[in-house]
Amino acid sequence: IREIVESDAITALKLILDMADESDNYPFTSEDYAMSIENQRSFINYMQSLDNCIFLGAFLEDELCGIIYLEGGRRHRTHHICNLGMGVKKKYWNNKVATKLMEKAMEFVYSNDHIAKIDLQVRTDNKYAIALYKRFGFEIEGKNKRALFINDYFYDYLNMGKVID
């Protein structure tokens, strides 16, 4: 697991698009993600430029199989809060990739004096992700009803958070 760098932009974007199409756990499909390679490069550079952000990738040999990012607040009053997003390519599910990504992200958090809270959203029926987040100390803080509309059905999100002491 290592930090995603600008030269990974094409690979990272391809992974995100692939994951969006192989799972309904994301709030977008590859068709509506609307991120160009140049936008992806800019996002990577943006994440690297701030002290409250990190973008990590899990690589198996040369293949990017999962990502995690913590994006910190941009304003003074929210600089201490990070939003967490992650995903693992379906063929690598149940292989501890997500656990390893979370471990590395938490290492960053606990070595960072700027982060005091992490927030995330997860579908209420994504029991494996919810269990992972709970193992890392995240708690359910609320619910967004009808957060997603997929295949003529509404799905709710859980809002989960972790206070960093």
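In this text, all values refer to a predicted model and were calculated from it rather than measured experimentally. (Residues numbered from 1 in each chain as written. Predicted model: local features only at pLDDT ≥ 70, side-chain atom pairs only at ≥ 80, totals over all residues. Heavy atoms only, no water.)

K.L.:
Would you mind showing me how to read the nonpolar core here?
P.N.:
By size, the foremost hydrophobic cluster in this structure holds 31 residues, and its most contacted members are Leu70, Leu84, Met102, Ile118, Tyr133 and Phe138. Elements represented by at least two residues in this core include exactly β2 (54-60), β3 (63-72), β4 (81-88), α3 (97-110), β5 (117-123), α4 (127-135) and β7 (153-163). Dropping the residues within four chain positions of it, Leu70 is found in contact with Met47, Asn52, Cys53, Ile54, Cys82, Asn83, Leu84, Ala105, Phe108, Val109 and Ile118. The next biggest cluster of nonpolar side chains, apart from the first, holds 14 residues, and it includes Ile4, Met19, Ile44 and Met47. (Core = buried A, V, L, I, M, F, W, Y, C linked by side-chain atoms within 4.5 Å. Buried < 20%, exposed > 50% of the residue type's maximum accessible area, 1.4 Å probe, protein only. Helix = DSSP H or I, 4+ residues; strand = E, 2+ residues; numbered from the N terminus. Contact = heavy atoms within 4.5 Å.)

K.L.:
I'm lost on the pattern of salt bridges in this one. Help?
P.N.:
Side-chain pairs of opposite charge can arise where the charged atoms are in close proximity. Applying the stated criterion to the full structure yields 11 salt bridges. Notably, a salt bridge pairs Glu107 with Lys104, separated by 3.8 Å at the nearest N-O pair. With Glu107 and Lys104 both in helix α3 and 3 residues apart, this pair spans about one turn of that helix. One connected set of salt bridges, linked through shared partners, spans Glu63, Lys89 and Lys91. (Salt bridge = Lys/Arg side-chain N within 4 Å of Asp/Glu carboxyl O.)

K.L.:
Could you clarify how one ought to interpret the pairing of β4 in this entry?
P.N.:
Look at any regular strand and the pattern is simple: side chains alternate between the two faces of the sheet. Of all the 8 residues making up β4, 6 are buried; the element is thus mostly covered by neighbouring parts of the structure. Alignment of β4 against β5, held across 3 bridges, turns out to be parallel. The residue bridging Ile81 from the neighbouring strand is Lys117, located in β5. Chirality of the crossover, the property in question, places the unit of β4, α3 and β5 among those that are right-handed. (Pairing = 2+ DSSP bridges. Right-handed = clockwise from strand over helix to strand, strands pointing away.)

K.L.:
Hey, could you run me through the sheet that holds strand β6 (residues 139-150) in this one?
P.N.:
What holds strands together in a sheet is hydrogen bonding between their backbones, with the strands either parallel or antiparallel. Read across the open sheet, the 7 strands follow the order β1-β2-β3-β4-β5-β7-β6; overall the sheet is mixed. Each edge of the sheet is formed by a strand with only one pairing partner; in this case those strands are β1 (2-3) and β6. With 7 bridges joining them, β5 and β7 adopt antiparallel strand pairing. Of the residues in β7, the one forming a bridge with Val122 is Leu158. Contacts from α3 reach β2, β3, β4, β5 and β7, with the element oriented near 35° to β3. Sitting on the sheet, α4 touches β4, β5, β6 and β7, and the angle it makes with β5 is about 160°. (Axes fitted to C-alpha atoms, helices over the stretch in contact; angles between N-to-C directions.)

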